[in-house]
Amino acid sequence: MKFALFILASWLEKDASAQSRIYDEALEQVEFAEELGFDSVWVAEHHSSRYGIFPSLTPILSYMAARTKKIRIGTGVSVLPFHNPIRLAEEAAMLDLLSKGRLEFGVGRGSAFNTYEYLGFGIPMEEAEERLAEAEELIVKSWTTENLTFKGKFWNVKFPALRPVPYQKPHPPIVRACISEASTLAMARIGRPILIGVQTAEDTANRLSSYKTEMLGTGFTEKQTENALNQIWVARNMFVAETESKARELAQPGFARERKHFREAREIYNPEGFPPLDTSKPLPVGEDFDQATIIGTPSQVADQVAELRDLGVRNLMLKINVGEMDTDAVQKAIKLFGESVMPKFPE
């Protein structure tokens, strides 16, 4: 298995000066993750939000690349409907060159619940899927085509060539964030690897199985399908400590803070508001700490990782700092996972 660190960079306290500290802590975590042998680090794009203060991913990933040597750096994800595709393709090519081919290009439409982020760009959320598909197509063509003429619904461009060209050939690996089963199958039909968010173990296994079946059914070879499956990432929260009670004591308050902020931001800033949780039904998996989080001692965490591996998960993206936790506790958890859990799961 491969393991990645996912960094949201939450800023939930009132003091604005904390933002700089949060950036510094994120950079320290990346350097430490590289020392411990993590495969990659991924950062999330958000706007007008305190639960993620990376509105532009190229600057922060460039800085991470400059402070590391081996760890791969990923956009998790670039919200394509918010970007000029040509400009983003140029910046991603630069980042790939500066990092000597370490870029993983994760793309998506962003949260399906954050209407206010779309309003900030004057874009109707109803256009999200179409804009995402068109922007991704244009970015790929700009990386691989000279004398490009492109006519779409949102973008009409013509230019001799994109410069610079990416370090990786034909371009950096592209991974699409998928929320629904339908989007998963659509990506399988074009052989595009995916990012799978927090789901139940059963749903995760079914999603991976459906993806594989759809790819093979579309006509891809076993080798091509295996290659795509090797690039699929599954996300989970994770926290490890010397005892399970200590891990829960440290992680559960952060999870509660994060979920509270998610909900309040949507209730306040979405014009349509956000529906309250239905207390007569089980919690959605993303709201349920135990379903969304790998938690416990190194042995317990290893057992939970092994369960996911046995279900077909090959790459695990871990959010360790959930809800702006104490940085020393986060560093200890990264160290404990890297030294006591990761060695049990060689690539």
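The structure under discussion appears in the preceding block.
Nothing here was measured: the structure is a model prediction, and the numbers come from that model.

1. Re the pairing of strand S11 (residues 315–319)
Piece 1. Across the five residues that make up S11, a large majority, five, are buried.
Piece 2. With burial as the criterion, each face of S11 is covered, one bearing Asn-315, Met-317 and Lys-319 and the other bearing Leu-316 and Leu-318.
Piece 3. Direction of pairing for strand S1 (residues 2–7) relative to S11: parallel, over a ladder of four bridges. In the strand pairing of S11, Lys-2 is matched with Asn-315.
Piece 4. Relative to S11, strand S9 (residues 233–240) runs parallel, the two being bridged by four bridges. In the strand pairing of S11, Arg-236 is matched with Leu-318.

2. What about the nonpolar core?
Piece 1. Core analysis: the biggest nonpolar cluster contains 89 residues, and Phe-3, Ile-7, Phe-38, Leu-316 and Phe-337 have the highest contact counts within it.
Piece 2. When near neighbours in sequence (up to four residues on either side) are disregarded, Phe-38 contacts Phe-3, Ala-4, Leu-5, Ala-33, Ile-71, Ile-334, Phe-337, Gly-338 and Met-342.
Piece 3. Ala-44, Tyr-51, Phe-262 and Met-317 belong to the second-largest nonpolar core, a separate cluster that totals 14 residues.

3. Quick look at the pattern of salt bridges
Piece 1. Enumeration according to the criterion identifies 25 salt bridges in this entry.
Piece 2. Residue Glu-244 pairs with Arg-248 through a salt bridge whose shortest N-O separation is 3.0 Å. Of this pair, Glu-244 and Arg-248 both sit in helix H9 (residues 244–269), four residues apart, which is roughly one turn of the helix.
Piece 3. With a closest N to O distance of 3.3 Å, Arg-259 and Glu-287 form a salt bridge. Highlighted residues: Arg-259 in helix H9 and Glu-287 in the loop between H9 and helix H10 (289–292), separated in sequence by 28 residues. Exposure class is identical for Arg-259 and Glu-287. Each is buried.
Piece 4. One network of salt bridges, with partners in common, ties together Glu-13, Arg-21, Glu-25 and Glu-324.

4. Focus on helix H5 (residues 128–144)
Piece 1. An ideal rise of 1.5 Å per residue puts 24 Å on 17 residues; H5 measures up with 24 Å between its terminal C-alpha atoms.
Piece 2. Those residues of H5 that sit buried are Ala-128, Arg-131, Leu-132, Glu-134, Ala-135, Glu-136, Leu-138, Ile-139, Ser-142 and Trp-143.
Piece 3. Buried-residue contacts for H5 involve helix H3 (85–98), strand S4 (103–108), helix H4 (115–119), strand S5 (148–151), strand S6 (156–159) and strand S7 (174–178).

5. Topic: the side chain of Ser-142
Piece 1. Among the secondary structure elements, Ser-142 is positioned in helix H5.
Piece 2. At 2.7 Å, the side chain of Ser-142 forms a polar contact with the backbone oxygen of Ile-139.

Rules of the game
Every chain is numbered independently, its residues counted from 1 as its sequence is written. Reporting in this predicted model follows two pLDDT cut-offs: at least 70 for local features of residues, and 80 or more for side-chain atom pairs to be given and counted; totals over whole chains, interfaces and linings ignore these cut-offs and use all residues. Just so you know, side-chain values use all the structure's heavy atoms and leave hydrogens and water out. Between buried and exposed lies partly exposed: a residue is buried under 20% and exposed over 50% of the maximum accessible area for its type, with that area taken using a 1.4 Å probe on protein chains only. Helix and strand definitions follow DSSP, with helices as H or I runs of at least four residues and strands as E runs of at least two, each counted in order from the N terminus. The rule for pairing is simple: two strands pair if DSSP sees at least two bridges between them. As used here, the term nonpolar core means buried Ala, Val, Leu, Ile, Met, Phe, Trp, Tyr and Cys residues forming a set that is joined through side-chain atoms within 4.5 Å. In this analysis, two residues are considered to be in contact whenever any of their non-hydrogen atoms come within 4.5 Å of each other. A carboxyl oxygen of Asp or Glu within 4 Å of a side-chain nitrogen of Lys or Arg is what we treat as a salt bridge. Working rule for helices: expected span equals 1.5 Å times residues minus one. A 3.5 Å cut-off defines polar contacts: any pair of N or O atoms within that distance qualifies, except that in protein one atom must be a possible hydrogen donor and the other a possible acceptor, and neighbouring residues in sequence count only when both atoms are side-chain atoms.

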